[in-house]
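Single-letter residue listing:
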Amino acid sequence: MIGEHSSKQYDNELEAIRSKVLLMGGIVETQFLDAMTCFRIGNSERADRVMREDDVVNQLEVSLDDACSHLIVRRQPAANDLRTIMATIKVITDLERVGDEATKIARVAKNLHKRGNAVVNHYEMVRGIANTASDMLHDALDCFARNDGKQALQLIAQDAVIDHEFKTIMRNLITFMMEDPRTISAALDTLWVAKAIERIGDHAKNIAEYVIYVVEGKDIRHTKVVSPDVSEELPE
């Protein structure tokens, strides 16, 4: 009975941590969406809000890391339980970095609009990659919430699409800058935004990899995972 009681208490503590991680995930999702809105229309107040939210995300990272560490010390989990906690710690780190990237986008958007540069075409240039990264982040959090290894594997392959889109954006921006030096400042801002979006896709992929680690006990980081459906979308 004591063992059963202890197990239930451990499960409750772990579930409380997971719920708080998902709360953190919701905050960084909103940060990213708000940052892209700032880049599209220019809104200093919203950009400032995105940057303020980064402090909240940072505080959540610290408190969740501490909660995970204490859970390991008190419960001394083994096997799958230990994998779950270790993966959760890594997910927390990736979410904090997503918040950092969203803050970068908001800061660039605020400065760009303050200078009065026209950005409509530049926003359209990154709209596709932003939508893909946003979907990846949302799906990664969904995989984490449901421990869905199958969906996580499909999500990982989407990172190749984002990488391809980023390279295309970079080539187009270089062409713009060469053809019209007046576009250099705004084009560089757009390139920084595109890179931040690409990094958010990387972090979403990382979260999916941690889900697979928990579900299957396999560490697939730094291994090539390509879905046939995705590879067909990319030109040779």
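Because the structure is predicted, anything quoted here is derived from the model rather than measured.

Chemist: Looking at this structure, how should I read the packing of helix α2 (residues 44–75) against helix α3 (residues 79–115)?
Modeler: Two measures define how a pair of helices packs: the angle their axes make with one another and the distance between the axes. Running from N to C, α2 and α3 point in directions that differ by 165°, and their axes come no closer than 9 Å. Between α2 and α3, the interaxial angle falls into the category roughly antiparallel. The handedness of the crossing between α2 and α3 is left-handed. Taken together, the residues of the contact of α2 with α3 sort by class into 15 nonpolar, six polar and eight charged.

Chemist: Teacher, can you tell me more about the nonpolar core here?
Modeler: As a rule of thumb, soluble globular proteins bury nonpolar side chains together. Ranked by size, the top nonpolar core spans 66 residues in total, and within it Phe32, Met36, Leu95, Ile105 and Ile197 carry the most contacts. Elements that contribute at least two residues to this core include exactly α1 (2–41), α2, α3, α4 (120–146), α5 (149–157), α6 (159–179) and α7 (184–216). It is α7 that contributes the most residues to this core, 14 residues altogether. Among all residues touching leucine 95, those that are not within four sequence positions of it are Val21, Met24, Gly25, Val28, Val57, Leu137, Leu141 and Ile207.

Chemist: For this particular structure, what's the right way to read unusual backbone geometry?
Modeler: With the exception of glycine, the majority of residues adopt a negative phi angle, and the majority of peptide bonds are in the trans configuration. Positive phi values are uncommon outside glycine, yet glutamine 76 reaches one of about 45°. Here glutamine 76 shows up in the loop between α2 and α3. Under the relative-accessibility criterion, glutamine 76 is labelled exposed at 66%. One non-glycine residue with positive phi stands out, namely asparagine 147, at about 50°. Its location among the elements puts asparagine 147 in the loop between α4 and α5.

Chemist: Explanation requested: a nonpolar patch on the surface in the structure shown.
Modeler: Together, Met170, Ile174 and Met178 line one region of the surface with nonpolar side chains, adding up to about 290 Å² of accessible area. Here methionine 170 shows up in helix α6.

Chemist: Please explain the pattern of salt bridges as it appears in this structure.
Modeler: For the coordinates displayed, the defined rule picks out 12 salt bridges. In this structure, glutamate 13 and arginine 74 form a salt bridge, with 3.0 Å as the shortest nitrogen-oxygen distance. Taken together, the residues glutamate 13 in helix α1 and arginine 74 in helix α2 connect sequence positions 61 residues apart. Assessed through its relative accessible area of 48%, arginine 74 is described here as partly exposed. Put simply, aspartate 48 and lysine 110 hold a salt bridge, and the shortest N to O gap is 2.6 Å. Placement of aspartate 48 in helix α2 and of lysine 110 in helix α3 is noted, with a sequence separation of 62 residues between them. Of the residues examined, aspartate 48 reaches a relative accessible area of 26% and is grouped as partly exposed. Within the structure, one salt-bridge network assembled from shared partners comprises Glu13, Arg74 and Arg75.

Chemist: Help me understand the side chain of glutamate 96 in this model?
Modeler: Mapped onto the elements, glutamate 96 comes out in helix α3. Excluding residues within four positions of it along the chain, glutamate 96 makes contact with Met24, Val57, Asn58 and Glu61.

Chemist: Which parts of the structure should I look at to understand the packing of α6 against α7?
Modeler: For the pair α6 and α7, the least separation of the axes is 10 Å and the interaxial angle reads 175°. Between α6 and α7, the angle falls in the class roughly antiparallel. Seen from α6, the contacting residues are Asp159, Ile162, Asp163, Phe166, Ile169, Met170, Leu173 and Met177; seen from α7, they are Ile184, Ala187, Leu188, Thr190, Leu191, Ala194, Lys195, Glu198, Gly201, Asp202 and Lys205. Grouping the constituent residues of the contact of α6 with α7 by class yields 11 nonpolar, two polar and six charged.

Definitions and cut-offs
Residues numbered from 1 in each chain as written. Predicted model: local features only at pLDDT ≥ 70, side-chain atom pairs only at ≥ 80, totals over all residues. Heavy atoms only, no water. Axes fitted to C-alpha atoms, helices over the stretch in contact; angles between N-to-C directions. Helix = DSSP H or I, 4+ residues; strand = E, 2+ residues; numbered from the N terminus. Parallel < 35°, antiparallel > 145°, perpendicular 65-115°, else oblique. Left-handed = near helix turned anticlockwise from the far one by under 90°. Nonpolar A, V, L, I, M, F, W, Y, C, P; charged D, E, K, R; others polar. Core = buried A, V, L, I, M, F, W, Y, C linked by side-chain atoms within 4.5 Å. Buried < 20%, exposed > 50% of the residue type's maximum accessible area, 1.4 Å probe, protein only. Contact = heavy atoms within 4.5 Å. Patch = residues over 30% accessible without salt bridge, like charges linked within 9 Å, V, L, I, M, F, W, Y side chains within 5 Å. Areas by Shrake-Rupley, 256 points an atom, 1.4 Å probe, with all protein chains shown as cover. Salt bridge = Lys/Arg side-chain N within 4 Å of Asp/Glu carboxyl O.

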